[in-house]
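Residue-level listing of the chains:
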Amino acid sequence: MLASDDEIRAELRAITEGVPDRPDLLQAVTSAGRARRRRRQFVSVTLTAMVVAGVAIGVTTLVGSHGSDHKSNTLTLGASGTLTGPVTDPRLLNWPARGDQASDQAFQEEAMRSQENNPNTTNRIESAPHLLFAGDVPGAKAAIIEGINASNEVVVAALATPSNQPDGSLEVIEARVIAAALPKTNMQHSVSFAVTHAAQPGFLLIVGAPGTDEIQFSVQPGPSGPEFRDLTVQDGVGSSELPAAPDFREMFYAVQQSGRVDDYSYVMFGGTQH
Amino acid sequence: MSESSAIDFSDYVTSRSRSLLRCAFLLTGSLADAEDAVQSALTKVYAVWPRVARVNDVDAYVHRVLINTVRRGARGRLREVLLPQLNREESSLQASEDRYTHRMDLMAALRQLPPKQRAAVVLRYHEDLSEAKTAEILGCSVGTVKSQTSRGLEKLRALLAVENSRR
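About the thresholds
Residues numbered from 1 in each chain as written. Chains lettered and ligands numbered in written order. Predicted model: local features only at pLDDT ≥ 70, side-chain atom pairs only at ≥ 80, totals over all residues. Heavy atoms only, no water. Helix = DSSP H or I, 4+ residues; strand = E, 2+ residues; numbered from the N terminus. Buried < 20%, exposed > 50% of the residue type's maximum accessible area, 1.4 Å probe, protein only. Contact = heavy atoms within 4.5 Å. Areas by Shrake-Rupley, 256 points an atom, 1.4 Å probe, with all protein chains shown as cover. Axes fitted to C-alpha atoms, helices over the stretch in contact; angles between N-to-C directions. Parallel < 35°, antiparallel > 145°, perpendicular 65-115°, else oblique. Salt bridge = Lys/Arg side-chain N within 4 Å of Asp/Glu carboxyl O. Pairing = 2+ DSSP bridges. Phe/Tyr/Trp six-rings, centres within 6.5 Å; stacked < 30°, edge-to-face > 60°. pLDDT = per-residue confidence, 0-100. Core = buried A, V, L, I, M, F, W, Y, C linked by side-chain atoms within 4.5 Å. Left-handed = near helix turned anticlockwise from the far one by under 90°. Nonpolar A, V, L, I, M, F, W, Y, C, P; charged D, E, K, R; others polar. Arc of directions from axis to C-beta.

### Observations regarding the overall build of chain A
Thought 1: Within chain A one finds 3 helices and 12 strands.
Thought 2: The buried share of chain A, reckoned over its 274 residues, is 47%.
Thought 3: Partitioning the intrachain contacts of chain A with sequence separation of at least 6 by distance along the chain shows that 59% fall at a separation of at least 24.
Thought 4: For chain A, the accessible surface area stands at approximately 13200 Å², while carbon and sulfur atoms represent 53% of it.

### Quick notes on the packing of helix α1 (residues 5–16) of chain A against helix α6 (residues 115–126) of chain B
Thought 1: It is at 9 Å that the axes of α1(A) and α6(B) come closest, and there the two elements cross at 95 degrees. One way to sum up the angle between α1(A) and α6(B) is to call them roughly perpendicular. Here α1(A) contributes D5(A), I8(A), R9(A), L12(A), R13(A) and T16(A) to the contact with α6(B), which in turn contributes V121(B), R124(B), Y125(B) and H126(B).

### Focus on the pattern of salt bridges
Thought 1: Taken as a whole and assessed by the stated rule, the structure comprises 12 salt bridges over all chains.
Thought 2: For E136(B), the salt bridge goes to K133(B), with nearest N and O atoms at 3.4 Å. Of this pair, E136(B) and K133(B) both sit in helix α7 (residues 131–138), separated by 3 residues, roughly a single helical turn.
Thought 3: Overlapping salt bridges, with partners in common, bring together D6(A), R9(A), R13(A) and D128(B) in one network.

### Details of the pairing of strand β6 (residues 202–208) of chain A
All names here are of chain A.
Thought 1: Taking burial as the measure, the 7 residues of β6 include 7 buried ones, the bulk of the element.
Thought 2: The two faces of β6 match: G202, L204, I206 and G208 on one face and F203, L205 and V207 on the other face are all buried.
Thought 3: Relative to β6, strand β5 (residues 190–195) runs antiparallel, the two sharing 6 bridges. For F193, the partnering residue across the bridge sits in β6 and is L205.
Thought 4: Hairpin connection of β5 to β6: 6 residues between the antiparallel strands.
Thought 5: In the sheet, β6 pairs with strand β10 (residues 237–242) via 6 bridges, with the strands oriented antiparallel. Looking at β10, one finds that V207 is bridged to V237.

### A short note on the packing of aromatic side chains
All names here are of chain B.
Thought 1: Applying the stated rule across the entire model yields 3 aromatic pairs over all chains.
Thought 2: Where Y12 meets W49, the ring centres are 5.6 Å apart and the plane angle is 40 degrees; that geometry is what we call tilted. Remark: W49 occurs in helix α3 (residues 49–52) and Y12 occurs in helix α1 (residues 3–28); sequence separation between them is 37 residues. Comparing Y12 with W49, the two get one shared label, buried.
Thought 3: Grouping aromatic residues by their ring pairs yields a cluster made of F9, Y12, Y46 and W49.

### A look at the confidence of the model for chain B
All names here are of chain B.
Thought 1: Model confidence for chain B is summarised by a mean pLDDT of 79, while 79% of its residues fall at 70 or above.
Thought 2: Per-element averaging of pLDDT across chain B places helix α5 (residues 97–112) at the bottom with 78 and α6 at the top with 93.
Thought 3: Throughout residues 75–95 the model reports pLDDT below 50, and contacts reaching past four residues in sequence, or to other chains, amount to 74 contacts.
Thought 4: Here the complex is predicted with pTM 0.47, and the ipTM for its interfaces comes to 0.83.

### Focus on the sheet that holds β6(A)
Thought 1: Pairing in this open sheet of 4 strands is antiparallel, and the strands run β5-β6-β10-β9 (chain A) from one edge to the other. Edge positions in the open sheet fall to β5 and β9 (233–234) of chain A, since each of these has one partner strand only.

### A look at the environment of E214(A)
All names here are of chain A.
Thought 1: For E214, the location among the structural elements is in strand β7 (residues 214–220).
Thought 2: Once the C-alpha coordinates of E214 and D230 are considered, the two residues, 16 residues apart in sequence, prove to be 7.2 Å apart.
Thought 3: Filtering out sequence-adjacent residues up to four positions away, E214 remains in contact with D230, V233, A254, V255 and Q256.

### So, the nonpolar core
Grouped burial of nonpolar side chains is what soluble globular proteins tend to show.
Thought 1: One finds L42(B) and L66(B) to be the most contacted residues of the largest nonpolar core, which totals 54 residues.
Thought 2: The element best represented in this core is α1(B), accounting for 10 residues.
Thought 3: Every residue in contact with L42(B), bar those within four places of it in the chain, is listed here: L25(A), V29(A), F9(B), Y12(B), V13(B), L20(B) and V62(B).

### Details of unusual backbone geometry
Thought 1: Here D235(A), not a glycine, exhibits a phi torsion of approximately 55 degrees, which is positive.
Thought 2: Turning to its location among the elements, D235(A) is positioned in the loop between β9 and β10.
Thought 3: Judged by relative accessible area, which is 54%, D235(A) ranks as exposed.
Thought 4: Not every positive phi belongs to a glycine, and D128(B) is a case in point at roughly 60 degrees.
Thought 5: Assignment of secondary structure puts D128(B) in the loop between α6 and α7.

### Some details on the packing of α6(B) against α7(B)
Residues and elements named next belong to chain B.
Thought 1: Packing of α6 against α7 leaves a shortest axis separation of 10 Å and a crossing angle of 140 degrees. As judged from the angle between their axes, α6 and α7 are oblique. When you trace α6 past α7, the crossing you get is right-handed. For the pair α6 and α7, the contacting residues are K116, A119, A120, L123 and R124 in the first and E131, T134, I137 and L138 in the second.
Thought 2: A class-by-class count of the residues in the contact of α6 with α7 yields 5 nonpolar, 1 polar and 3 charged.

### Overview of α7(B)
Thought 1: Within the span of α7(B), buried status applies to T134(B), A135(B), I137(B) and L138(B). The buried residues of α7(B) all sit within an arc of 165 degrees when viewed along its axis, so they share a single face.

This is how it looks when you write it as structure tokens:
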């Protein structure tokens, strides 16, 4: 067990042995680099123009503000007016919304309202919201929304409320940045959240790529090493009840499609729902 | 960017991409995050490549950008999703459980190290860089590299011992 420096070297190298190369990396980098340069040139030109335009706009705003109502800055929904419209940003997961409330407009509106009130502004979705999941999970109603934050990063937010509460009590249980602000081309993904409580059962929710037909998981630390068990999967989504105050801290899972492992991933427990 | 420096950049990315991805995988704990970090770091380097190509040690410069990119990427992340893609061939569910478990534990332990300790361990033991080169990349003294590496290894061993004792 890492007795010597050589052993550490050997283990670290063994771990990364399977990291695949990315053949399209050069193309992705040069395209992104050129786009970045164009953006910088555009910003530079625009800033110059804005200095000139600023005076005129300032006057207009001062005049126009008299007698006008304050309008809050709300998030614009997708092209279809819902969270389930077409995804136009290539960084977002182009997945259909799943879950038994994926077509429930009122539920989506409540989820969006709650997301807009997320006090963690760093990970608040500001544009291109897209619903990945809305529906019942064990003991709760949950929604997962993906979108772009103010720093132009991809954010995925999970919202939930106990089953017996109204949709209006949905709250953000977690929102995290899942990718840098650059396109990704060759990865399969899954999105997972786990909510645990000290005194009552929590839930686990894993949304796999469309076509996912099997999800196997192993809690850590397990009683005798990894023991993979099947999670019930419906429409590529797996969910399960988690015991109150679980004695495991994290979980590995494998998302499979037609017997092929698409994604190995890992979820840490600790999300809390108040 | 001139044609000649563009060719140099292509050569550099082609020859070093896998190595950078491996390093980033250990730093982030996730293949998806590693790809993002390497792509993001190389995009930054691409913008200043004519200048970078003239420095003595391009690799050290790129590693520095990569490590800073990983650090910035980790900020504000409430919960990290790992993709422990240990080995595509080997990581089938039938793979040797002991070896799989041990490496999972090592990845999990590595992730628990503070960013600078993790970077020091990865640069010294995975990239096989000298203490002086590691100090140059991390922007600190050789003494700091020594202490960060030593504390990092100590913590890794302790975390792995705890995991072992649970089994």
